[in-house]
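Topology and contacts: notes
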Amino acid sequence: MKELFQHSAMTDGITVRVAVNFLPEQSQPEADKWFWVYHIRIENASHERVQLMTRHWRITDGAGLVAHVDGDGVVGEQPVLRPGDSHDYVSGCPLDTPHGSMEGFYTFHREDGTPFEVRIPFFPLAAPATAG
């Protein structure tokens, strides 16, 4: 199963795994629009229940333009993960360049309400080479 995810990072017993794929059917290179879908799996190998509260993304395009995206939860959810639990979700990222990267962190709360950050690993966004 772990072979499906190309990138991973662990913080305080929480592992974030990422699989990313370019979607040519959602992209329009002639209009400078490229689109990737990413699948994230969050695994709780700690000994306590945690809840994902917020996300922070740093998205960099091929021209070096950086966008910071913050929000509550992931895809409308603030999942609770008990020890041994995992949570999967899928989302997407459009760019105006054929390559870029993403990285960031989630803010989780421990059972006692203490917040802590969990790193989302750096992963590249790269469209296949196109003719012309």
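As a reminder, the structure under discussion sits directly above these lines.
Residues numbered from 1 in each chain as written. Predicted model: local features only at pLDDT ≥ 70, side-chain atom pairs only at ≥ 80, totals over all residues. Heavy atoms only, no water.

1. As for unusual backbone geometry
Just so we agree on the cut-off: Counting from the N terminus, the helices are the DSSP runs of H or I reaching at least four residues and the strands are the DSSP runs of E reaching at least two. Using a 1.4 Å probe on the protein chains alone, a residue whose accessible area is under 20% of its type maximum counts as buried, one over 50% counts as exposed, and one in between counts as partly exposed.
The backbone phi angle of Asp 12 is positive, close to 50°, even though this residue is not glycine. Along the chain, Asp 12 falls in the loop between strand S1 (7–11) and strand S2 (14–22). Among the residues examined, Asp 12 registers a relative accessible area of 49% and is labelled partly exposed. Residue Val 75 is not a glycine yet carries a positive backbone phi of 40°.

2. What to know about the packing of aromatic side chains
To keep it simple, the criterion reads: Note on aromatic contacts: the rings of Phe and Tyr and the six-membered ring of Trp form a pair at centre separations within 6.5 Å, being stacked when their planes are under 30 degrees apart, edge-to-face when over 60 apart, and tilted otherwise. Each ring is checked for a lysine NZ or an arginine CZ that lies within 6 Å of its centre and within 35 degrees of its normal; such an atom marks a charge sitting over the ring.
Using the criterion set out here, one finds 6 aromatic pairs in the structure. The interplanar angle of 90° and the centroid separation of 6.0 Å between the aromatic rings of Trp 57 and Phe 123 together place this pair among those described as edge-to-face. With a gap of 66 residues between them, Trp 57 in strand S4 (residues 50–61) and Phe 123 in strand S9 (residues 115–126) connect regions that are remote in the sequence. Considered together, Trp 57 and Phe 123 belong to a single accessibility category, that of buried residues. Aromatic rings pair up to connect Tyr 38, Trp 57 and Phe 123 into one cluster. Sitting over the face of the ring of Phe 116, Arg 110 holds its NZ or CZ atom 3.9 Å from the ring centroid.

3. A few points about the nonpolar core
Stated formally: The set of buried Ala, Val, Leu, Ile, Met, Phe, Trp, Tyr and Cys residues whose side-chain atoms join them within 4.5 Å is what this entry labels a nonpolar core.
With 28 residues, the main nonpolar core has Tyr 38, Ile 40, Ile 42, Trp 57, Tyr 106, Phe 108 and Phe 123 as its most contacted residues. Taken together, the elements giving at least two residues each to this core come down to S2, strand S3 (34–44), S4, strand S7 (86–95), strand S8 (99–110) and S9.

4. Section: the side chain of Asp 61
Basically, it comes down to this: Under this rule, positive means Lys or Arg and negative means Asp or Glu; His and the chain ends count for nothing. Any Lys or Arg side-chain nitrogen located within 4 Å of an Asp or Glu carboxyl oxygen qualifies as a salt bridge. For the purposes of these results, a polar contact is taken to be a pair of N or O atoms within 3.5 Å, where, inside protein, one atom must be able to donate a hydrogen and its partner to accept one; residues adjacent in sequence count only when each atom of the pair is a side-chain atom. By definition in these notes, contact holds between two residues if any of their heavy atoms fall within 4.5 Å.
Tracing the chain through its elements places Asp 61 in strand S4. Put simply, Asp 61 is tucked away with no salt bridge, and the nearest opposite charge, on Lys 33, sits 9.8 Å away. Reaching out from Asp 61, the side chain makes a polar contact with the backbone nitrogen of Leu 65 at a distance of 2.9 Å. With sequence-adjacent residues up to four places away left out, Asp 61 is seen in contact with Leu 95, Thr 97, His 99 and Gly 100.

5. Examining the sheet that holds S3
To keep things clear, this is the line we draw: At least two DSSP bridges between two strands are needed for those strands to be called paired. As a rule, the C-alpha atoms of each element are fitted with a line to give its axis, helices using only the stretch in contact, and angles between N-to-C directions run from 0 to 180 degrees.
Strand order in this open sheet of 4 strands is S1-S2-S3-S7, and the pairing throughout is antiparallel. The strands lining the two open edges of the sheet, one partner per strand, are S1 and S7. Neighbouring strand axes in the sheet, compared pairwise and without regard to direction, differ in orientation by 20° on average. By the bridge criterion, 9 bridges tie S2 to S3 in an arrangement that is antiparallel.

So yeah, pure geometry; function would need other evidence.
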